[in-house]
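So the chains spell out like this:
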Amino acid sequence: MKNRKIKISLFISYFVFAILLNSVGILIQRSVNQYGTDELSAGLLEGFKDLSIAFASFLAGSFLPRLGYKKAMLLALALVFSGCLIMYYGNSFNAVKILFTLLGISFAFIKTSVYSLTGLLTTGEKEHTGFLSAIESVFMIGIATAFIGFPLFYSDTDPDAWLNIYPAIALLVAFSFIFLLTSDFSALTHKYPAVNPLHDLKQMFYLLKRPAVPVFALAALMYVMAEQGIMSWLPTFNERVLHLPEALAVRMSVILILSIAAGRYVSALLVKKMSWLLLLLICLAAAGLMVITVLPHAANPGAEEIKTLSDVPLIAWVFPLIGFFLAPVYPMVSSAVLSSTEKIFHSPMASLLVFFSALGGTAGSRLAGWLFHTIGGSKAFYFSLIPLTALVICLLMLQLIISRKKV
């Protein structure tokens, strides 16, 4: 029963962070349209989020076992609550930067805690994989909530009306804080003996010497580069290239999120019946095929004036479905490596995962912004073929290393 309540608290915290953290695509669009920011500057927003994640992830892996995962997650929620108020009252591009910096630091604590606790809350590789897939699905549902929720606050008469979502989110953060505060972590704390934080930091660098870890890190970086590059710029792609109205451009982006959530749910079932490597190779091939066959239609999307869903061009419905095929990669690769690593190393390993994922998100969004600015939005997403190809190579190498038990 205690573990059940802890799991629920992890789900709630992940859901709250998903709403805010992955609203970066919406905030990129709002920054360009309302604050007059150009695409190159707007592309830096992912960096404020992800570089702070990368920096904090090293501290997280070293200090969180000593600080305690419950305290770390409570601190993260408190920072996010403050960020919501800063955004509501600040109402500027600088306020957006501060918000995402606080979100990045906080998410490093949250994600490292969640991935580290997973090994203690589950038994066996399949349960471990299933829990990670489930919690990542909750994360995708939270992102979908953001893409549906933000447009509900848009107004044609008040350009600042959309900011009213932040007090509402702050209340949700407060609820998550209270729920987490009342959860009992005492049964788990004894499994992490207090050690010198510098020793924990050295463990992270020690892990990089293991053959699977650099490949694992590169795979995480490549995946997030592809996913975040598309996710962060899809609302702008829908508006600028496919000529959807601003609010509708955001709402249509929810298809990508829902397809990722569905993909992770389906993959959690399929992985019990087939090799995870074969499943991921099929998915990556399908994702690459979608880029090659669907994106060319962006050059001629159809009707210029779009007022209703029936006017939306087919590509706006089809291309976001690429998320279904990208979905299984992140949780399955993470689970494959974490479940093959001693539990004492799960915290530093999770920090390395967060660090390289953050670098991938920054690179993907920054590159997409540069491509939008230089060659146009209709061609920008072709860059995803590069990380998708690199992922195939990484997966083959990773499976070879794991099969030889060199993790």
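Preceding this section is the structure that the text describes.
The model shown is predicted, which means the values in this text are computed figures rather than measured ones.

**Student:** How do you make sense of the overall build of the chain when you look at a structure like this?
**Tutor:** When you go through the chain residue by residue, the secondary structure sums to 20 helices and zero strands. With 407 residues in all, the chain has 58% of them scored as buried. Long-range pairs, those at least 24 residues apart, make up 87% of the contacts in the chain with a sequence separation of at least 6. About 15,800 Å² of surface is accessible on the chain, with carbon and sulfur atoms providing 68% of the total.

**Student:** So what exactly am I meant to see when it comes to the packing of helix 5 (residues 69-90) against helix 8 (residues 165-181) here?
**Tutor:** For any two helices packed against each other, one specifies the inter-axial angle together with the distance between the axes. Closest axis-to-axis distance for the helix 5/helix 8 pair is 9 Å, and the angle between their directions is 165 degrees. By the angle class used here, helix 5 and helix 8 are roughly antiparallel. Relative to helix 8, helix 5 is oriented so that their crossing is left-handed. Taken together, the residues of helix 8 that come into contact with helix 5 (itself represented by Lys70, Met73, Leu74, Leu77, Ala78, Val80, Phe81, Cys84, Met87 and Tyr88) are Tyr166, Pro167, Ile169, Ala170, Val173, Ala174, Ser176, Phe177, Leu180 and Leu181. The residue inventory of the contact of helix 5 with helix 8, partitioned by class, reads 18 nonpolar, one polar and one charged.

**Student:** Looking at this model, I keep getting lost on the nonpolar core. Mind explaining?
**Tutor:** Buried together is how nonpolar side chains tend to be arranged in soluble globular proteins. Formed by 141 residues in total, the largest nonpolar core has its most connected members in Leu27, Tyr166, Phe237 and Phe381. At 18 residues, the largest contribution of residues to this core is made by helix 11 (residues 212-240). Among residues more than four places away in sequence, those in contact with Phe237 are Leu242, Leu295, Ala298, Ile315, Phe372, Gly377, Ser378 and Phe381.

**Student:** Whenever I open this one, the environment of Leu359 confuses me. Can you help?
**Tutor:** Within the secondary structure, Leu359 is located in helix 18 (residues 346-374). With relative accessibility at 28%, the residue Leu359 sits in the partly exposed group. In the structure, Leu359 is positioned 135 residues away from Val224 in sequence and 8.4 Å away in space, judged by C-alpha atoms. The contacts of Leu359, once residues within four sequence positions are left out, are Leu51, Ala54 and Leu221.

About the thresholds
- Residues numbered from 1 in each chain as written.
- Predicted model: local features only at pLDDT ≥ 70, side-chain atom pairs only at ≥ 80, totals over all residues.
- Heavy atoms only, no water.
- Helix = DSSP H or I, 4+ residues; strand = E, 2+ residues; numbered from the N terminus.
- Buried < 20%, exposed > 50% of the residue type's maximum accessible area, 1.4 Å probe, protein only.
- Contact = heavy atoms within 4.5 Å.
- Areas by Shrake-Rupley, 256 points an atom, 1.4 Å probe, with all protein chains shown as cover.
- Axes fitted to C-alpha atoms, helices over the stretch in contact; angles between N-to-C directions.
- Parallel < 35°, antiparallel > 145°, perpendicular 65-115°, else oblique.
- Left-handed = near helix turned anticlockwise from the far one by under 90°.
- Nonpolar A, V, L, I, M, F, W, Y, C, P; charged D, E, K, R; others polar.
- Core = buried A, V, L, I, M, F, W, Y, C linked by side-chain atoms within 4.5 Å.

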